[in-house]
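Inside the fold
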Amino acid sequence: MTELTVPALSLVVLVGISGSGKSTFAQRNFAPSQVLSSDAFRAMVADDENDQSASAAAFDALHYVAGRRLAGGRLTVIDATNVQDHARAGLVALARAHDVLPVAIVLDLPEEECWARTERRPDRSFGRGVLGRQSRDLRRSIKRLSREGFRTVHVLHGLEEIEAATIRPQR
Ligand code: CTP
Ligand code: MG
């Protein structure tokens, strides 16, 4: 078991390609109400968690709710791929605006494994190329996280590290 220290009031940003296990990790380690997932917000604004054309509206709503939670002093977890710089920049800015520490937890699972999982999922239908692009973005992202303003960065490599990880809130 590996304990990941996370400030009791923080904005926890999960980072990982599709199929890396972000939603599973969030479900295992946090209360459902602490987790804001981009899929859930796409479904809320467009009735379809896979409707990528709804992403702008979905993230707008997600940021709004995250802001209200942080203003209330509530730890909040962002369950989205967050492999793009601009997505993370918006979240770091949001954390700063609420005087809360941004924390990154990276789930770095081999792309092949993520693809094998994705192919088995009835709720995902994107092509292989999408995952390749996300992987390239992820590699670049891992190097940048500290510089971007994440005060704590935890990188979990492979299934064993991901499954052994637990969260320790630090007061
Ligand atoms: N899964 C698995 N074993 C694990 C973790 C996840 O078999 N230890 C499976 C899940 O049941 C799911 C798939 O792998 O079918 C992807 O896991 P999920 O947590 O949904 O991954 P996400 O990173 O949330 O994927 P997405 O970005 O597409 O939401
Ligand atoms: Mg998910």
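Refer to the structure printed above.
Right, let's walk through the structure included here.

What counts and how
- Residues numbered from 1 in each chain as written.
- Chains lettered and ligands numbered in written order.
- Predicted model: local features only at pLDDT ≥ 70, side-chain atom pairs only at ≥ 80, totals over all residues.
- Heavy atoms only, no water.
- Near = heavy atom within 4 Å.
- Polar contact = N/O pair within 3.5 Å; in protein donor to acceptor, adjacent residues only side chain to side chain.
- Areas by Shrake-Rupley, 256 points an atom, 1.4 Å probe, with all protein chains shown as cover.
- Helix = DSSP H or I, 4+ residues; strand = E, 2+ residues; numbered from the N terminus.
- Nonpolar A, V, L, I, M, F, W, Y, C, P; charged D, E, K, R; others polar.
- Axes fitted to C-alpha atoms, helices over the stretch in contact; angles between N-to-C directions.
- Parallel < 35°, antiparallel > 145°, perpendicular 65-115°, else oblique.
- Left-handed = near helix turned anticlockwise from the far one by under 90°.
- Contact = heavy atoms within 4.5 Å.
- Buried < 20%, exposed > 50% of the residue type's maximum accessible area, 1.4 Å probe, protein only.
- Arc of directions from axis to C-beta.
- Core = buried A, V, L, I, M, F, W, Y, C linked by side-chain atoms within 4.5 Å.
- Pairing = 2+ DSSP bridges.

1. Re the site of ligand 1
Around ligand 1 there are 14 residues in total, and Ser 18, Lys 22, Ser 23, Thr 24 and Arg 124 lie nearest to it. With respect to ligand 1, the side chain of Arg 117 contributes an N or O atom lying 3.4 Å from a nitrogen atom. Arg 124 has a polar side-chain atom sitting 2.9 Å from an oxygen atom of ligand 1. Within the complex, 73% of the 600 Å² of free accessible area of ligand 1 lies under protein. When residues of the shell around ligand 1 are traced back to their parent elements, those giving at least two are helix H1 (22–29) and helix H7 (158–164). If you tally residues by element for the shell around ligand 1, the top one is H1, at 3 residues. Its residues placed into classes, the shell around ligand 1 shows 2 nonpolar, 6 polar and 6 charged.

2. Looking at the packing of helix H2 (residues 38–46) against helix H3 (residues 55–71)
Direction vectors running N to C along H2 and H3 enclose 110°, while the axes themselves pass 8 Å from each other. If you check the angle between H2 and H3, you find them roughly perpendicular. Regarding H2 and H3, the two cross each other, and that crossing is right-handed. Taken together, the residues of H3 that come into contact with H2 (itself represented by Ser 38, Phe 41, Arg 42 and Val 45) are Ser 55, Ala 57, Ala 58, Phe 59, Ala 61, Leu 62 and Val 65.

3. Quick notes on the environment of Leu 101
Structurally, the position occupied by Leu 101 is in strand E5 (residues 101–108). For the pair Leu 101 and Thr 152, spaced 51 residues apart in the sequence, the C-alpha separation amounts to 8.2 Å. For Leu 101, the contacting residues outside a window of four places in its chain are Pro 7, Leu 9, Ser 10, Leu 11 and Arg 151.

4. Examining H1
One turn of an α-helix holds 3.6 residues; hence residues three or four places apart share an orientation. Among all positions of H1, only Lys 22, Phe 25, Ala 26 and Asn 29 are buried. Along the long axis of H1, the arc covered by the buried residues comes to 100°, so they all point the same way. Opposite the packed face of H1, turned more than 90 degrees from it, sit the exposed residues Thr 24 and Gln 27.

5. Focus: the nonpolar core
Grouped together as the largest cluster of nonpolar side chains are 44 residues, with contacts concentrated most on Leu 11, Val 12, Phe 25, Phe 30, Ile 78 and Ile 105. Each residue touching Leu 11, except ones within four places of it in the same chain, is listed here: Leu 70, Thr 76, Ile 78, Leu 91, Ala 95, Val 100, Leu 101, Pro 102 and Val 103.

6. Let's talk about the sheet that holds strand E6 (residues 152–157)
Whether parallel or antiparallel, the strands of a sheet pair through hydrogen bonds between backbone atoms. The strand order across the open sheet formed by 5 strands is E3-E4-E2-E5-E6, and the pairing between neighbours is parallel. Looking at which strands have only one partner, the edges of the open sheet turn out to be strand E3 (35–37) and E6. The average angle at which neighbouring strand axes cross in this sheet is 20°, direction not considered. Relative to E5, strand E2 (residues 10–15) runs parallel, the two sharing 6 bridges. The residue bridging Val 13 from the neighbouring strand is Ala 104, located in E5.

So, to be careful, I would describe these as geometric facts and stop short of saying anything about function.
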